[in-house]
Amino acid sequence: MKALHIARKDLYRFFRSPFVLAFMLVLPLLQTGIPYLAFGGLEGGLNVEKTRVSVVNLDQPVEQAPGFLAGDLLLAALRDERLSQVLTITEMTAESKARAAVDGQQADVAVIIPASFTGSLFDDTEAPLVLYQDPAATLGPAIVQEIIASFADGFSGSRLAVDVASAQATARGEAFSEAEKMALMKQYGAWVQSLEARLAGPHAVIQRQSPSNDTDPATSLVGPLMIGLMVFFAYFVGAITAQSLIHEDEQGTLARLFRTATPRTTILTGKFLAVLGALTVQIILLIAIGGWLFGIAWGDPLPVALGGLGLVITAAGFGVMLMSFLKSTRQAFLVMGGAVMLTGMAGGTMTTTFANLPPALETISLFTPQGWAMRALETAMRGGTIIEVSGSAAACLAIALLCLAISALKLRKRFG
Amino acid sequence: MRIVTLARKDLAQIARDWKSALFLLAMPILFTWLFGLLFGGGGETDPRLPVGILDQDPAGVLSSHLERLLEASDAVRPVLLEDVPTDELERQVRDEKLAAAIIVPAGFSDETLDGQATRLTLIVDPNSPAGQAADRGVQAAVARLLGAVEASRLSAQGSSDPAAVEQGLNLAVDGWLQPQVDIKVERAGLDAGYDGFAQASAGMIVLFAIFGLITPGYVLLAERQSRTLGRMLTTTATRTEIIGGHVLAMFTVGFLQITLLTLFGQFALGVDYWRQPLAMLLMIAAMALWTASLGLFISAISKNENQVVLIALSCLLVLGLMGGAIFPLDMTSSTFCTIGHTLPTAWAIDGFQDIALRGLSGAAVLLPAGVLFAYAALFFVLAVRRFKFE
C-alpha cells in the first residue's frame, strides 16, 4: 500500500512537469504530425510539386519512314493532358540550353531526344534517350524516367517484333522486305495502343490484391512511423521518470525516506510503479490520439494491449537500469540521450518507413529492447493474433527482468 | 580581446565534458551512416525490391520468361517461392518481407499464348511506397512479357507451329534483356552517380548542428543560474562583450562541428564537400552563425536545463523535418514543400548540396549563405531583446 502512495506522489509530480509531458506526448505527436502533413495527410492524398522538364527534340526523319518521327510522339506523350498535373514541359531548341536549365535549377530534368532516334529504330545504331537530372531531386526525375521507359518499350517492342520475324524468315530461307517490316511495326504499334487497357483496366491481366485494410496512403505511412516514435519516446520517458530516484538522492529526500519505517524495497518498488504508471498512461494516450488524429489502425485490442504492455515493461526496466549507473542529474540527460538514441536507432525505431532494409540492421535490432517492442506492436498492427504477438512480448518481459536484476544489484550496492 | 577570453572559457568547459563529443560528432556520424545506407549508399547489397513468384504453372514457358524479365529489372528482383499458401504470401507482403508477390495461375502460359485473358494475381500494398514501386516494376516486366508474346505471334505470321512460336518467344525475351531504345541517365554537376550518403549527409549535418546547441546552451544557462552573469556586470566587461563571448563560443563549436562532419563526409563517405573550399567555408560560417544565434535565443528564453533541451529538440524537429533534413522536400506535398523552403534549414541543405551534389560554382552559395546570415541577424536581435543577466 505504501508503495502505491509513493507511486501516486511521483506520478502527480510527473504529470505536472512540462518536460515529462513534452517527451510523453508533444514530441512524438509533433514528429508524427509533420510527416503526416508532408505526405498529404490533410489534403486527401499526396499532391507533389510539378516536375519541371526541359525537352529538346533533335530527332530527324529517315527514308524508310517518311513523315514518321518517334521524337514527336515522345514529346506529344509528355505533353499529354493527363500528365499536366505532374509535369511542366518546356521545349528547348538546343541540347546545351536544356542542360543549362537543369544546371541553373530552372528545370528538374532535361530530356534529350537525339537526332538519330527514329533512325535507330530502323538500323542497329545506338541513339539513347538522355535524361539529365538535378542530382538533389528525387521524385520528379524518377517519374519522368518511368514515363519515358514505358514509352520507349513501345518502340523497342516493335523493333523486337521485326528482329524476331526477320530472324525466323532468314532461318526459313525467306526474304523479309522493308515493306513487311513497316507493316509489322505498325501492327505492333496498334497492339501497344491497347496494352494500357490490358494492364490497368477492370479486366487487366494483373489482378491486384491488397494485404492491408488501409485506404489512405498518409495513414499507411504514419502508422509504422508512429510505432517507431512511440517506442523511441517511451524509452526516454522511462529514463526521465526513473531519474526521480537520483533527483531525490541529490536533494536528500531519499535518505530521509530510508530512515523511516518503510522498507527500502517498498520505496524502490513505489518508484518503479510510478515509472510503469507514467509509461502506461503515455502509451494509452498515444494509441488513442494516434487513432483519432491520424486514423491509425493499431490492430485488434488484445494483441495491441499485449504489445503495449511489452513496451511499458521494457522501457521501465531499461530506464531504471540506466539510472542505476548514473551518479548525478547533471550527467543524466546526455548519458540517457546517448543510450536511448543509440539503442533506439539500432532497434529500428527511426527506420520504420524504409523498405528493403539491409538484413544486418534487422539482426542488430534483435539485440535491443526497442527491437522486440517494435516487433510486438508491428505484428499487432499487421493484424497479428495474440499468439503471434506473445513471442515478442515474452522477449520484452525477459529483457525487462534482466534490466531489473542489474538495477537491483547496482541499487543495492548504492543504497546498501 | 575580452570576448575571446570569455569564449575560450566556454570552450574549455565544453571540451572538458567528453559526453559533448557524443552529440557533436559521434551521433551525427552514426546517423549519417545509417541514413546513407537507407538512401541506398554503400552499394554492396542488391537495392532492388524483393518480389515473390509463386508459379502454379511450372510446365508453362511464360512463367520462366517472366522470372528472367523480372531478374533484368532495375526496380525489383524475383524471389522464387514453392508451395506457399495465399494467406502466407499476404502475410509476407504485410510484414514487408516481400514488396509484392505474384501468383502465376495454372494454365497461364497456354491460355495467354492462345490469346485468352488469363490473369496474374499481384499481392501488393498500394499505399506503401515500396508496394507502389514494386507494382510498377512488375507491370513493366509483364508488359514486356506480353510484348514478347505479341512479337512471336506476329512473326509467326499465322503459323500454328508451336516450335516456331516458342522459338520466336525465346528470341523476343532475349531481345528484351537488351532493348533497342536505351535510356541514359546523367546527373548534373559532379556526375558521380546516385549516392545515398550524399543525399543523407547534408541533412544530418544541419540536424546535428541544431542538436549540438544543447551543450553551449547549458553553459550559458549555468552562468545565469549561478549568478555569474550578473556578477560579471560589476566588472569592467560590457554587456556586448559578455554576450559576444558566448556567441563566439557557440559559433566556434558549430564551425568546428560542421567542418569535422564535412571532412568526415569528404574522406569517409566520398561526398565532395571541399571541391570549392571558399564556398564551403562561407556556408559553414553562415550555418554556424545562424545556429549560434539560435543557441543564444534558446538560452535567453530558457529558465532551466530541461527547457534548453526541450526547445532545442523542438527546433530540431520542426526546422529539421520541415526543412528536408530527414526526407527530401521534393517528395512532399506542394504546400509543405513551399513552406519548408522558407526555413533556414532548407537553405542550408540547398547550399551544401549546391557544392557537393550539384557541383555548382562558389557563386551559387551566395544566396543560401545570405539567407542564413539574415536568419542569424533575426535570431540575434530576438535573443538580445530577451536576454537577461539575472
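Owing to the predicted nature of the structure, the values given are computational and were not obtained by experimental measurement.

Caption draft 1: Looking closely at the overall build of chain B. In terms of helices and strands, chain B carries 16 helices and five strands. In terms of overall dimensions, chain B is more spread out than a globule: its C-alpha atoms have a radius of gyration of 29 Å, far above the 21 Å expected for 390 residues. With respect to the principal axes defined by its C-alpha atoms, chain B has extents near 105 × 45 × 35 Å. For chain B, the proportion of its 390 residues judged to be buried stands at 55%. Residue pairs at least 24 apart in sequence account for 76% of intrachain contacts in chain B once pairs closer than 6 positions are excluded. Working note: accessible area of chain B is about 15,900 Å², and carbon and sulfur atoms make up 59% of it. Between the centroid of the 27 positive side chains of chain B and the centroid of its 37 negative side chains there is a distance of 22 Å.

Caption draft 2: Structural detail: the overall build of chain A. Within chain A one finds 16 helices and five strands. Relative to its length of 416 residues, chain A is extended, with a C-alpha radius of gyration of 32 Å against a globular reference of 22 Å. Along the first, second and third principal axes, the C-alpha atoms of chain A reach 105 × 45 × 35 Å. Counting the 416 residues in chain A, one finds 52% classified as buried. For chain A, the proportion of contacts with a sequence separation of at least 24, taken over those separated by at least 6, is 75%. Surface accessibility of chain A: about 18,300 Å² in total, with carbon and sulfur atoms responsible for 62%. Each charge class in chain A was averaged separately, 29 positive and 32 negative side chains, and the resulting centres sit 25 Å apart.

Caption draft 3: Here's a closer look at the domain arrangement of chain B. Under the domain assignment, chain B is made up of domain 1 (2-42 + 193-386) and domain 2 (49-177). Using C-alpha coordinates to define each centre, domain 1 of chain B is positioned 50 Å away from domain 2 of chain B.

Caption draft 4: Quick look at the nonpolar core. Counting residues in each nonpolar core, the largest one holds 157 residues, and the members touching the most others are Phe23 and Phe236 of chain A together with Phe352 of chain B. Among the elements that make up this core, the one with the highest residue count is helix 8 (residues 217-242) of chain A (17 residues). If near-sequence neighbours (up to four positions away) are discounted, phenylalanine 352 of chain B is found in contact with Ala202, Ile205, Val206, Ile258, Tyr273, Met280, Met283, Ile284, Met287 and Leu357 of chain B. Counting 71 residues, the second-largest nonpolar core is a separate cluster that includes Val53 and Leu83 of chain A together with Val104 and Ala143 of chain B.

Caption draft 5: Structural view of empty space enclosed by the protein. Residues and elements named next belong to chain B. Per the stated rule, a full pass over the model turns up two cavities of 30 Å³ or more. Sorting elements by how many residues they give to the lining of the largest cavity places helix 11 (residues 239-268) first, with four residues. Of the residues contributing to the lining of the largest cavity, the split by class is six nonpolar, four polar and no charged. Of the voids in this model, the second largest cavity is the one considered here, and its volume is about 30 Å³. For the second largest cavity, the full set of lining residues is Asp10, Ile14, Pro216, Val219, Leu220, His246, Ala249 and Met250. Elements that contribute at least two residues to the lining of the second largest cavity include exactly helix 1 (2-16), helix 9 (214-225) and helix 11. Of the residues contributing to the lining of the second largest cavity, the split by class is six nonpolar, one polar and one charged.

Caption draft 6: Spotlight on the sheet that holds strand 4 (residues 120-124) of chain B. Strand order in the open sheet made by the five strands is 5(A)-4(B)-3(B)-1(B)-2(B), with mixed pairing throughout. Each edge of the open sheet carries a strand with a single partner, namely strand 5 (206-209) of chain A together with strand 2 (76-81) of chain B. Across the sheet, the mean angle from the axis of one strand to that of its neighbour is 25°, orientation sign disregarded. Across six bridges, strand 1 (residues 49-55) of chain B lies against strand 2 of chain B in parallel orientation. Residue pairing for strand 2 of chain B: leucine 49 of chain B is matched across the bridge by valine 76 of chain B.

Caption draft 7: How the structure looks around the sheet that holds strand 5 (residues 183-187) of chain B. Here we have five strands laid out as an open sheet, ordered 2(A)-1(A)-3(A)-4(A)-5(B), and mixed in their pairing. For this open sheet the edge positions go to strand 2 (87-92) of chain A together with strand 5 of chain B, each flanked by a neighbour on one side alone. On average, adjacent strands in this sheet sit at an angle of 20° to one another, irrespective of strand direction. Here six bridges tie strand 1 (residues 51-57) of chain A to strand 2 of chain A, and the two strands are oriented parallel to one another.

Caption draft 8: Just the interface of chain B and chain A, in detail. On the side of chain A, 100 residues touch chain B, which itself brings 99 residues to the contact. Roughly 9,100 Å² is buried in total at the junction of chain B and chain A, and carbon and sulfur atoms are behind 64% of that figure. Along the contact surface separating chain B from chain A lie five salt bridges. For the salt bridge of arginine 144 of chain B with aspartate 153 of chain A, the shortest nitrogen-to-oxygen distance reads 2.7 Å. The interface formed by chain B and chain A includes 25 residue pairs in polar contact (both at pLDDT 80 or more). A per-element tally of the side of chain B that touches chain A places helix 6 (residues 129-155) of chain B first, with 13 residues. Classifying every residue of the side of chain B that touches chain A by side-chain character gives 51 nonpolar, 23 polar and 25 charged. One ladder, built from five bridges, connects strand 4 (residues 129-133) of chain A with strand 5 of chain B; its direction is parallel. Along strand 5 of chain B, the bridge assignment pairs leucine 129 of chain A with isoleucine 183 of chain B.

Caption draft 9: The layout of surface pockets, seen in detail. Each pocket or cavity is described by its volume, and for the second largest pocket that value is around 950 Å³. Along its surface, the second largest pocket is lined by 36 residues, and Gln243, His247 and Thr329 of chain A together with Glu305 and Asn306 of chain B are the ones closest to its centre. Tallying contributions element by element places helix 13 (residues 329-346) of chain A first for the lining of the second largest pocket, with seven residues. For the lining of the second largest pocket, the per-class residue count stands at 15 nonpolar, 13 polar and eight charged.

Caption draft 10: The arrangement of the packing of helix 1 (residues 2-16) of chain A against helix 11 (residues 264-294) of chain A in detail. Residue and element names in this part refer to chain A. Relative to each other, helix 1 and helix 11 sit at 45°, their axes nearing to 7 Å. Relative to helix 11, helix 1 is oriented oblique. Crossing of helix 1 against helix 11: the hand is right-handed. Residues Lys2, Ala3, Leu4, Ile6, Ala7, Lys9, Asp10, Leu11, Phe14 and Phe15 of helix 1 touch helix 11, and the partners they reach there are Thr266, Ile267, Thr269, Gly270, Lys271, Leu273, Ala274, Val275, Gly277, Ala278 and Val281. Broken down by class, the residue content of the contact of helix 1 with helix 11 amounts to 13 nonpolar, four polar and four charged.

Caption draft 11: Geometry of helix 4 (residues 86-94) of chain B. All names here are of chain B. Turning to helix 4, its buried residues are Leu89, Gln92 and Val93. Down the axis of helix 4, the buried set is contained in an arc of 100°. They therefore lie on one face. Buried residues along helix 4 sit in contact with strand 1, strand 2, strand 3 (100-104) and strand 4. Glutamate 96 sits one or two residues past helix 4 and shows a positive phi near 65°.

Caption draft 12: Representation of unusual backbone geometry in the model. Despite not being glycine, glutamine 105 of chain A shows a phi value in the positive range, around 60°. Here glutamine 105 of chain A lies in the loop between helix 4 (95-103) and strand 3 (109-113). The phi angle at aspartate 83 of chain B is positive, at roughly 50°, despite the residue not being glycine. Of note, aspartate 83 of chain B is situated in the loop between strand 2 and helix 4.

Caption draft 13: Up close: the state of the cysteines. All names here are of chain A. Tallied over the entire structure, the rule returns zero disulfides over all chains. The thiol sulfur of cysteine 396 is not disulfide-bonded, and the nearest other cysteine sulfur, from cysteine 403, lies at 11 Å. The buried category is assigned to cysteine 403, whose relative accessible area is 5%.

Cut-off values and rules
- Residues numbered from 1 in each chain as written.
- Chains lettered and ligands numbered in written order.
- Predicted model: local features only at pLDDT ≥ 70, side-chain atom pairs only at ≥ 80, totals over all residues.
- Heavy atoms only, no water.
- Helix = DSSP H or I, 4+ residues; strand = E, 2+ residues; numbered from the N terminus.
- Rg over C-alpha atoms; globule rule 2.2 N^0.38 Å.
- Buried < 20%, exposed > 50% of the residue type's maximum accessible area, 1.4 Å probe, protein only.
- Contact = heavy atoms within 4.5 Å.
- Areas by Shrake-Rupley, 256 points an atom, 1.4 Å probe, with all protein chains shown as cover.
- Lys, Arg positive; Asp, Glu negative; His and termini not counted.
- Charge placed at Lys NZ, Arg CZ, Asp CG, Glu CD.
- Domains from an automatic or database assignment.
- Core = buried A, V, L, I, M, F, W, Y, C linked by side-chain atoms within 4.5 Å.
- 1 Å grid on protein atoms, 1.4 Å probe; cavity = no way out; pocket = protein on both sides within 12 Å on 5 of 7 lines; lining within 4 Å.
- Points joined across faces, edges and corners; volume = space filled by probe spheres on them.
- Nonpolar A, V, L, I, M, F, W, Y, C, P; charged D, E, K, R; others polar.
- Pairing = 2+ DSSP bridges.
- Axes fitted to C-alpha atoms, helices over the stretch in contact; angles between N-to-C directions.
- Buried area = accessible area lost by both parts, 1.4 Å probe.
- Salt bridge = Lys/Arg side-chain N within 4 Å of Asp/Glu carboxyl O.
- Polar contact = N/O pair within 3.5 Å; in protein donor to acceptor, adjacent residues only side chain to side chain.
- Parallel < 35°, antiparallel > 145°, perpendicular 65-115°, else oblique.
- Left-handed = near helix turned anticlockwise from the far one by under 90°.
- Arc of directions from axis to C-beta.
- Disulfide = S-S within 2.5 Å.

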